[in-house]
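# Per-entry structural report
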Amino acid sequence: MNAQRRHPRWRLRALAPYLFIAPFFLLFFVFGLFPLCFSVYLSLHQWEPAAGLAAMQWVGFDNYRFALSDPWLHKSLYNTLWLAVASGLPQHVVAVPLAFFIHMRLSRSRNLVVAAYFVPYITSSVAIALIFSTLFSKDFGAINAAFQGMSNLPGAGALLHGVRPDWLGDADWTKPSVAFVIFWRYIGWNVVLYLSALQVIDPALYEAATLDGAGSWQQFRHIALPLLRPMMFFAITLTLIGNLQLFEEPFILIGTESGVSQSAMTTAMFMYRVAFSDGDFGTASAISWLLFLIIAVLTWGNARLFNRGGSDHGAL
């Protein structure tokens, strides 16, 4: 009798852990796994959402072939890669030495300085777009006003006289403008990453290098940079993945209806246009998976590059 009474309680106790983790798996299946699998299924169909699921027509890989032959996809890929390099590379070129300087020279005010650099990362994209739309204004923007003021300086008048770029309305300036906004927003995030890695480096290494007569540059080059390789790989991978999915900044700053929108149209923006403007959700899903393959290949290449560099460094 006692064994029979304990049996249901034992079963409930054994099921308790699964009941606690069931909500996570349920949410993951509904909002994560199912949309992912459905997008693969949708990329092989032609579908008009307004007609319902019954209107889905199997087309196989026609959506992929159509997307790969679309010149606008090629243009968006070029814009995406351009913005990824122009905004991503300077982030790390500036963030690494800046984090080293903050770590070595600003020990007392470190938290305040890092917080100031980190604020753009947590600021709303809409607020950032409004601020830079004002700053980049051709007639009333602070940037062009600064150019006009500097044109009155001796020696600068010939270079800056009449310089008033239409930052967000001229196709020659839209990509540099968007790249600068992305650089400004995410450099603080990378500074925090590199600073966290620098703080775990043994201070005795710097002390020994100082006793041997190494200056700040030698310590940065021969101690900080080699030991920052794992964090550099992590940070560059995040930048690579994020910049190849750029959407918010160019979408809000340039939009999709302006005359120069094509000059800064990223692949994510093109995918959005194909889905919600053209109503072709099948091709849009195919574009999303093509973009995923590009990101996967470039991320794999980045990993191979760092692994090869680490092996060469170890051999030396």
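We now turn to the structure provided with this report. The structure presented is a predicted model; accordingly, all values stated were derived computationally and were not measured. In every chain, residue numbers begin from 1 and rise along the written sequence. Totals for whole chains, interfaces and linings use all residues, but because this is a predicted model, local features are given only for residues with pLDDT of at least 70 and pairs of side-chain atoms are given and counted only at 80 or more. In computing side-chain properties, one takes all heavy atoms of the structure into account and sets aside hydrogens as well as water.

### Re the overall build of the protein
Note the cut-off: Each helix corresponds to a stretch of at least 4 residues labelled H or I by DSSP, and each strand to a stretch of at least 2 residues labelled E; elements are numbered beginning at the N terminus. In this setup the radius of gyration rests on C-alpha atoms only. A globule is expected at 2.2 Å times the number of residues raised to 0.38. Contacts were defined at the residue level, with two residues in contact if any of their heavy atoms lie within 4.5 Å. Each accessible area is a Shrake-Rupley result for a 1.4 Å probe, and residues are judged covered by the shown protein chains and nothing else. Residues scored as charged are limited to Lys and Arg (positive) and Asp and Glu (negative), so that His and the chain ends carry no count. In this description, the location of a charge corresponds to atom NZ of lysine, CZ of arginine, CG of aspartate or CD of glutamate.
Each helix and strand counted, the protein has 14 helices and two strands in total. Taken over the C-alpha trace, the protein has a radius of gyration of 26 Å; the compact-globule value for 316 residues is 20 Å, which it surpasses by more than 25%. Structurally, the protein occupies a C-alpha span of about 95 × 60 × 40 Å along its principal axes. Taking all contacts inside the protein whose residues are at least 6 apart in sequence as the whole, residues at least 24 apart take part in 67%. In the structure as shown, the protein presents an accessible area of about 19200 Å², 68% of it carried by carbon and sulfur atoms. Charge separation in the protein, taken as the distance between the mean sites of 19 positive and 16 negative side-chain charges, equals 17 Å.

### Re the pattern of salt bridges
Stated formally: Here, a salt bridge means any side-chain nitrogen of Lys or Arg that lies within 4 Å of a carboxyl oxygen of Asp or Glu.
For the structure shown, the criterion picks out three salt bridges. For the salt bridge of D62 with R65, the shortest nitrogen-to-oxygen distance reads 2.3 Å. Within this pair, D62 and its partner R65 are both found in helix α2 (residues 62–68), separated by three residues, close to a single helical turn. Among the salt bridges present, the one from R185 reaches E248, with a minimum N-O distance of 3.6 Å. Residue R185 is located in helix α8 (residues 171–198), and its partner E248 is located in helix α12 (residues 248–253); the two are separated by 63 residues in the primary sequence. Three or more residues are tied together by salt bridges with common partners; here these are R185, E248 and E249.

### Overview of the layout of surface pockets
Definition in use: Only protein atoms enter the 1 Å grid, on which a cavity is a set of points fitting a 1.4 Å probe that cannot get out and a pocket is an open set with protein on both sides within 12 Å along at least 5 of 7 lines, lining residues being those with an atom within 4 Å of a point. Grid points are joined across faces, edges and corners, and a volume is the space filled by probe spheres set on the points.
Put simply, the largest pocket is a space of about 370 Å³. Taken together, 19 residues form the lining of the largest pocket, with S39, M271, A284, S285 and S288 sitting closest to its centre. Mapped onto the lining of the largest pocket, the elements with two or more residues apiece are α1 (2–42), α13 (267–277) and α14 (281–315). Per-element accounting of the lining of the largest pocket gives the leading share, six residues, to α14.

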